[in-house]
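Below are the chains, spelled out letter by letter.
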Amino acid sequence: MQRHLTQALIANLACLTKAIHQSYYRPFCLISLLMVSILSTLVPAYAQTAQTQPDGDPSVINNTATSNVPTQTAVPTTSGDPIEQFVAADFTQRQAMLNHWPGTSESLDTLVDYIKNDALYQGDKGHPFIMTKDDKLFTYPENQEVSHWPTDLTQVTLTNVLRSALIFGQAKVKLSSDKAAQRLQAVEILADNIDQVDPVMITTAAVKESDSKVKEALGALQARIDFKNGDVATKIVAVQQLADSDSPQVLLDIQNALAADNLDPALKSALIDAESSVANRIKISTWTGHVFTGMSTASILLLAALGLAITFGLLGVINMAHGELIMIGAYATYVVQNLFKHYLPDMVGWYLLAAIPAAFLVSAIIGMIIERVVIRPLYGRELETLLATFGVSLILMQLVRMLFGAQNVEVSNVAWLSGAYQVSTSLVLPYNRIAIIGFTTIVLGLLIYLLNKTRFGLFVRAVTQNRQMARSVGIPSARIDMLAFGLGSGLAGLAGCALAQVGNVGPDLGQTYIIDAFLVVVVGGVGQVWGAVLAALGLGISGTVLEIGIGAVLAKIVLLVLVILFIQKRPQGLFALKGRFVD
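If you're wondering where the values come from, they're calculated on a predicted model, not measured in any experiment.

Comments concerning the overall build of the protein
Of regular secondary structure, the protein possesses 23 helices and 6 strands. Within the protein, buried positions represent 41% of all 583 residues. Put simply, of all contacts in the protein between residues at least 6 apart along the chain, 66% involve residues at least 24 apart. Entry remark: accessible area of the protein is about 31800 Å², with carbon and sulfur atoms responsible for 61%.

This is the structure in structure tokens:
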């Protein structure tokens, strides 16, 4: 209203300016001057009354407020969830919160993850919401799904200034943590943004630090800062300290410094020595990572081949459905995960502990059914058993497609297997790969104990070495055949459970590993557990190394050629079989 009255005054003044030059308009000018004087007195008084009148017209109050007071988002004044406060705050308040985060380090990490994944939204006058990858909206922190989305829903995004404040706010909170692991994470965050780091903060943190590993990381970060900003003498000392690093970023800094012109001779010599040292350390870390990857691949191959070694060694059956038993174990893991999601949502992070025995039992039962119905009538007829089990594999794949669909299904990693253990800057070992190596070691130990220290294992070894003699002393060979085939199938199910944590789960999962599993069995020696262990290690590590050098396709070809040459030279494998097959 005040704006409209002001416009009217301006129009009257313009009219007066035009009319003052015409004498016959002088009476009109006097009247207009009188009106302007009255209006100029009334407008401020009316505006003040409109702003302060409590019972006035609401529309007038709102118009006045929006024309004179800048709009700001209301910030919660209660001591609620810090993420709620952050979403409801304006730019200045968000920046202040990031500089002095009111919550825990974990809550700030959660905020970083939400923003990184574009999952944080606001609506309903600043209330936060979380958007999942499948476009479902949940309230925060109640975590209740929203059926009717707010009309004012907008994504929470950050400017470059706030992103920088978020990075350093996270580092600042972690640097003051009482946990050494979080302080180390803070140093890593600062190292990735070294151009904006305050050297005083690093020096102060290094003086207070008591953990040797964090102190070493702070020293390396301080050396990088000195190398960038110091004089020649300071740079030489910093380069000598950085020579013990295996960080690719440090190597890049050294190489960029060497490319500069007019380098001091002493500094150049120190840079050359440091470049060689850092490059060698990075190479060692890289190859260590490759060997670790090869060992994890070997563990998967061994899990897939152990059951095949038992069934092939005991029964002499080429089980082409073994890959599908691996696939069934993976799908059993998927089913257990879904059951936990629906009936035990609070314990879904521990579904893997129930999936391991479930995968073993489901695959073992299906394997025993296959042995009793399909394989038992065909003993001694290797070609027929091969064709029959190949048909069984096609049937199992089609059944899975009918039940679960032809597309891959999602098996999520449990939280305690997510992430990685950082050995050094350039060597990171994923927890799920470490778990697979440990799991395979445990399964191998239990299998060796079962075969060598139990009555069942004694019967299995007796039937394997001489079936007729075992029958003559009262060993039920038919029952042992079925149980041994079930044991081998159950081991295949365990392999599928492990594979579900590192790869895709689909109807064709078993086809990927069946050939490699047979290679492991043949190279190691038919029915020989320790031979399978050595063959899996050799094929897994050599395959990984060859892939790095010549690519995946050529590596597979070269590996197959080497296996063929080995079999021609030693047809019995690494360990020769003793028993009825020799006779």
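As for the pattern of salt bridges
This model, assessed by the stated rule, comprises 5 salt bridges. Notably, a salt bridge pairs Arg281 with Asp244, separated by 3.6 Å at the nearest N-O pair. With Arg281 in helix α13 (residues 265-315) and Asp244 in the loop between α11 (232-242) and α12 (248-258), this pair connects stretches of sequence that are 37 residues apart. Given the relative accessible area of 36%, Arg281 is considered partly exposed. A relative accessible area of 55% means that Asp244 is categorised as exposed. With a closest N to O distance of 3.0 Å, Asp508 and Arg401 form a salt bridge. Here Asp508 is found in the loop between α20 (477-499) and α21 (509-524), whereas its partner Arg401 is found in helix α16 (residues 382-404), with 107 residues between them in sequence. Residue classification places Arg401 among the partly exposed positions, given a relative accessible area of 27%.

What about the sheet that holds strand β1 (residues 120-123)?
In space, the 4 strands of this open sheet follow the order β3-β2-β1-β4, with antiparallel pairing throughout. Both edges of this open sheet fall to β3 (137-139) and β4 (154-155), since each of them pairs with a single strand only. The pairing of strand β2 (residues 127-131) with β3 spans 3 bridges and is antiparallel. Bridge pairing in β3 links Phe129 to Thr139.

Thoughts on α12
Of all the residues in α12, the buried ones are Val250, Leu251, Asp253, Ile254, Ala257 and Leu258. Across the axial projection of α12, the buried residues extend over an arc of 160°, all falling on one side.

Concerning a nonpolar patch on the surface
Taken together, the side chains of Val335, Leu339, Tyr343, Leu344, Met347, Trp350, Leu353, Leu403, Phe404 and Trp416 present a nonpolar region at the surface, about 1000 Å² in accessible area. For the nonpolar patch, the elements supplying multiple residues, two or more each, are α14 (322-343) and α16. Among the elements that take part in the nonpolar patch, α14 stands out by supplying 3 residues, more than any other. Tracing the sequence through the fold places Trp416 in the loop between α16 and β5 (420-424).

Remarks on the packing of helix α15 (residues 351-375) against α16
As a packed pair, α15 and α16 sit with axes 11 Å apart at the nearest point and diverge in direction by 130°. As far as their axial angle goes, α16 and α15 are oblique. α16 is crossed by α15, and the crossing has right-handed handedness. Mapping the contact onto sequence places Ile370, Val374 and Ile375 in α15 and Ala388, Thr389, Val392 and Leu396 in α16. Of the residues that constitute the contact of α15 with α16, the class distribution is 6 nonpolar, 1 polar and no charged.

Rules used throughout
- Here the residue numbers are simple positions, counted from 1 along each chain's written sequence.
- For a predicted model such as this one, the threshold for reporting local features is a pLDDT of at least 70, and the threshold for listing and counting side-chain atom pairs is 80 or more; totals across whole chains, interfaces and linings nevertheless cover every residue.
- Note that water and hydrogens are dropped before the side-chain values are worked out from all heavy atoms of the structure.
- Strands here mean DSSP runs of E at least two residues long; helices mean DSSP runs of H or I at least four residues long; both are numbered from the N terminus.
- Here's how the labels work: a residue is buried when its accessible area is under 20% of the maximum for its type, exposed when over 50%, partly exposed in between, all with a 1.4 Å probe on protein chains only.
- Residue contacts follow a heavy-atom distance rule, with two residues in contact if any of their heavy atoms lie within 4.5 Å.
- What sets the accessible areas is the Shrake-Rupley method with a 1.4 Å probe; for residues, cover comes only from the shown protein chains.
- Take a side-chain nitrogen of Lys or Arg and a carboxyl oxygen of Asp or Glu: if they are within 4 Å of each other, that pair is a salt bridge.
- For two strands to count as paired, DSSP must find a minimum of two bridges between them.
- Note: the arc covers the axis-to-C-beta directions of the helix.
- Patch membership needs two things, relative accessible area over 30% and no salt bridge, and members are linked within 9 Å if like-charged or within 5 Å if nonpolar (Val, Leu, Ile, Met, Phe, Trp, Tyr).
- Lines are fitted to the C-alpha atoms to define the axes, a helix being fitted only along its stretch in contact, and any angle between axes, read from their N-to-C directions, falls within 0 to 180 degrees.
- The labels follow the angle: roughly parallel below 35 degrees, roughly antiparallel above 145, roughly perpendicular from 65 to 115, and oblique for the rest.
- Here a crossing is taken to be left-handed if its near helix is turned anticlockwise relative to the far helix by less than a right angle, and right-handed if that turn runs clockwise.
- Each residue is assigned to one class: nonpolar for Ala, Val, Leu, Ile, Met, Phe, Trp, Tyr, Cys and Pro, charged for Asp, Glu, Lys and Arg, and polar for all the others, Gly among them.

Any link to function would need more than the numbers given here.
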